[in-house]
Amino acid sequence: MIDLTGRTAMVTGGGRGAGAGIAEALAERGAAVAVNDIVAARAESTAASIITNGGRAIAAPFDITDLSAVQDGVETASQQLGADIDILVNNAGPPADMRPALFRDMDPAEWTEFVDINLYGSMNCIRAVVDPMVDAGWGRIVQISSGAGRTGIAFGVSLYGASKSAIEGFVRHLSQELAPTGVTVNALALGMLFNAVPDGAPDDAVAALGAMVPVGRLGQPSDIGPAVVYLASDEASWMTGQTINLNGGSTTL
Ligand SMILES: NC(=O)c1ccc[n+]([C@@H]2O[C@H](COP(=O)([O-])OP(=O)(O)OC[C@H]3O[C@@H](n4cnc5c(N)ncnc54)[C@H](O)[C@@H]3O)[C@@H](O)[C@H]2O)c1
């Protein structure tokens, strides 16, 4: 069984959804977890749940799109947990007010928020943790991406998809720079999760979306956490530079 005892993780956007599931899964395997979220109450709620279940966690609220806030937040979290972050999970996203919009209907002023969070936000967090990982000769960076970054779809998510493609490209290059140092960098490209259905949508809409997935259902946080645990483990030291589809079989390339 994978054991993360002695490891110190940070999960961005860990206050709900996939991020909460990831934070809980890492804590269950023994990692101390800094739960980041831009909404402090969400970060506190996930951290409290981990502690209630016997794990070790703190809330680390900050905005990942603000580099100096990220650097301060990482420093504070490391002091509180008594160790440098050696597992980073870049999960935060998408922009809070994301709504599907066809490219031709978008104002150019709307383009940047996707890149700000999915590319620069993720890079900010990597910048803040990578040097101590290299110095220690061990680190794990796991990027949460999306099938929309890999396949064209007509749902009105072109900028979201472009920003996820961009961070996947960054991950590939960074993995090569860091490969000799003991720091691995991988991405998980998720398919549609339970929360892709808007609140209040009829049950048959949920069932219809789930039926489009080959395994017959939308993804749950409990589907994502174990994959991150593996990528964060000692056992995954030969896995780097990869983007792995995790999508119930929705795409197979
Ligand atoms: N939900 C899906 O169907 C789906 C599909 C493919 C990929 N993904 C990816 O999975 C990841 C998680 O998605 P989710 O649906 O669980 O998201 P979510 O919206 O449920 O949760 C995201 C969390 O990130 C936080 N956040 C937003 N902006 C932030 C910022 N600037 N700094 C810090 N925290 C911030 C939010 O407050 C929220 O709690 C995202 O990267 C998303 O792109 C999701």
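Criteria and thresholds
- Every residue gets a number counted from 1 within its own chain, in the order that chain's sequence is written.
- Confidence filtering applies because this is a predicted model: local features only for residues at pLDDT of at least 70, side-chain atom pairs given and counted only at 80 or more, and all residues used for totals across whole chains, interfaces and linings.
- Excluding hydrogens and water, the side-chain values take into account all heavy atoms of the structure.
- A run of H or I in DSSP counts as a helix once it spans at least four residues, and a run of E counts as a strand once it spans at least two, with each numbered from the N terminus.
- Throughout, the radius of gyration refers to the C-alpha atoms, and the reference size of a globule is 2.2 Å times the residue count to the power 0.38.
- Note on definitions. A residue lies near a molecule or strand when any single heavy atom of the residue is within 4 Å of it.
- We call two N or O atoms a polar contact when they sit within 3.5 Å, provided that within protein one can donate a hydrogen and the other can accept it, with sequence-adjacent residues counted only if both atoms are side-chain atoms.
- Here the open area of atoms and residues is found with the Shrake-Rupley method and a 1.4 Å probe, where only the protein chains shown may cover a residue.
- Put simply, a nonpolar core is a bunch of buried Ala, Val, Leu, Ile, Met, Phe, Trp, Tyr and Cys residues held in one set by side-chain atoms that sit within 4.5 Å of each other.
- With a 1.4 Å probe rolled over the protein chains alone, any residue whose accessible area is under 20% of its type maximum counts as buried; one over 50% counts as exposed, and the rest are partly exposed.
- Residues count as neighbours in contact if any of their non-hydrogen atoms are within 4.5 Å of one another.
- Axes, fitted as lines to C-alpha atoms, cover a helix only where it is in contact. Angles between the N-to-C directions of the axes lie from 0 to 180 degrees.
- Roughly parallel means an angle under 35 degrees; roughly antiparallel means over 145; roughly perpendicular covers 65 to 115; every other angle is labelled oblique.
- Crossing handedness is read from the near helix: turned anticlockwise from the far helix by less than a right angle, it gives a left-handed crossing, and turned clockwise, a right-handed one.
- Only Asp, Glu, Lys and Arg are considered charged, only Ala, Val, Leu, Ile, Met, Phe, Trp, Tyr, Cys and Pro nonpolar, and every remaining residue, Gly among them, polar.

Peer 1: I would appreciate a short explanation of the overall build of the chain in the present structure.
Peer 2: Assigned secondary structure in the chain consists of 7 helices and 7 strands. Counting helices and strands in the order they occur from the N terminus, the chain gives β-α-β-α-β-α-β-α-β-α-β-α-α-β. In summary, the chain has a C-alpha radius of gyration of 17 Å against a globular reference of 18 Å for 253 residues, a match within 12%. C-alpha atoms of the chain, sized along the principal axes, occupy 45 × 35 × 35 Å.

Peer 1: Would you take a moment to explain the site of the ligand for this structure?
Peer 2: In the vicinity of the ligand lie 28 residues, with D37, R42, N91, Y160 and N195 positioned nearest. A distance of 2.9 Å is found between an oxygen atom of the ligand and a backbone nitrogen or oxygen belonging to A18. Measuring from a nitrogen atom of the ligand, one finds a backbone N or O atom of I38 at 3.1 Å. Against a free-state accessible area of 840 Å², the protein chains account for coverage of 91% of the ligand. Within the residue set of the shell around the ligand, elements represented by two or more residues are α1 (17-28), β2 (32-37), β5 (139-146) and α5 (158-178). The dominant element in the shell around the ligand, judged by the number of residues it contributes, is β5, at 3 residues.

Peer 1: Explanation requested: the nonpolar core in the structure shown.
Peer 2: Nonpolar side chains tend toward joint burial in soluble globular proteins. Counting 31 residues, the largest nonpolar core has I22, L26, V33, V89, L188 and V228 as its most contacted members. Those elements that place two or more of their residues in this core are β1 (8-11), α1, β2, α2 (40-52), β4 (87-90), β5, β6 (183-190) and α7 (221-231). With 6 residues, α1 is the single largest residue contributor to this core. Among all residues touching V228, those that are not within four sequence positions of it are I22, L26, V89, V142, I144 and L188.

Peer 1: Quick question: what am I supposed to make of the packing of α1 against α2 here?
Peer 2: The relative placement of two packed helices is expressed as an angle between their axes plus a distance between the axes. Relative orientation of the contacting elements α1 and α2 amounts to 30°, with a least axis distance of 10 Å. Taken as axis vectors, α1 and α2 run roughly parallel relative to one another. Crossing angle aside, the handedness with which α1 passes α2 is right-handed. Residues A20, A23, E24 and A27 of α1 pack against T46, S49 and I50 of α2. Residues belonging to the contact of α1 with α2 are distributed by class as follows: 4 nonpolar, 2 polar and 1 charged.

Peer 1: I would appreciate a short explanation of the side chain of N36 in the present structure.
Peer 2: Locating N36 in the fold gives a position in strand β2. Within polar-contact distance, the side chain of N36 engages the backbone oxygen of F62 at 3.0 Å. Here N36 is in contact with V11, T12, G13, G14, G15, A43, A60, P61, F62 and I64, once residues within four sequence places are set aside.

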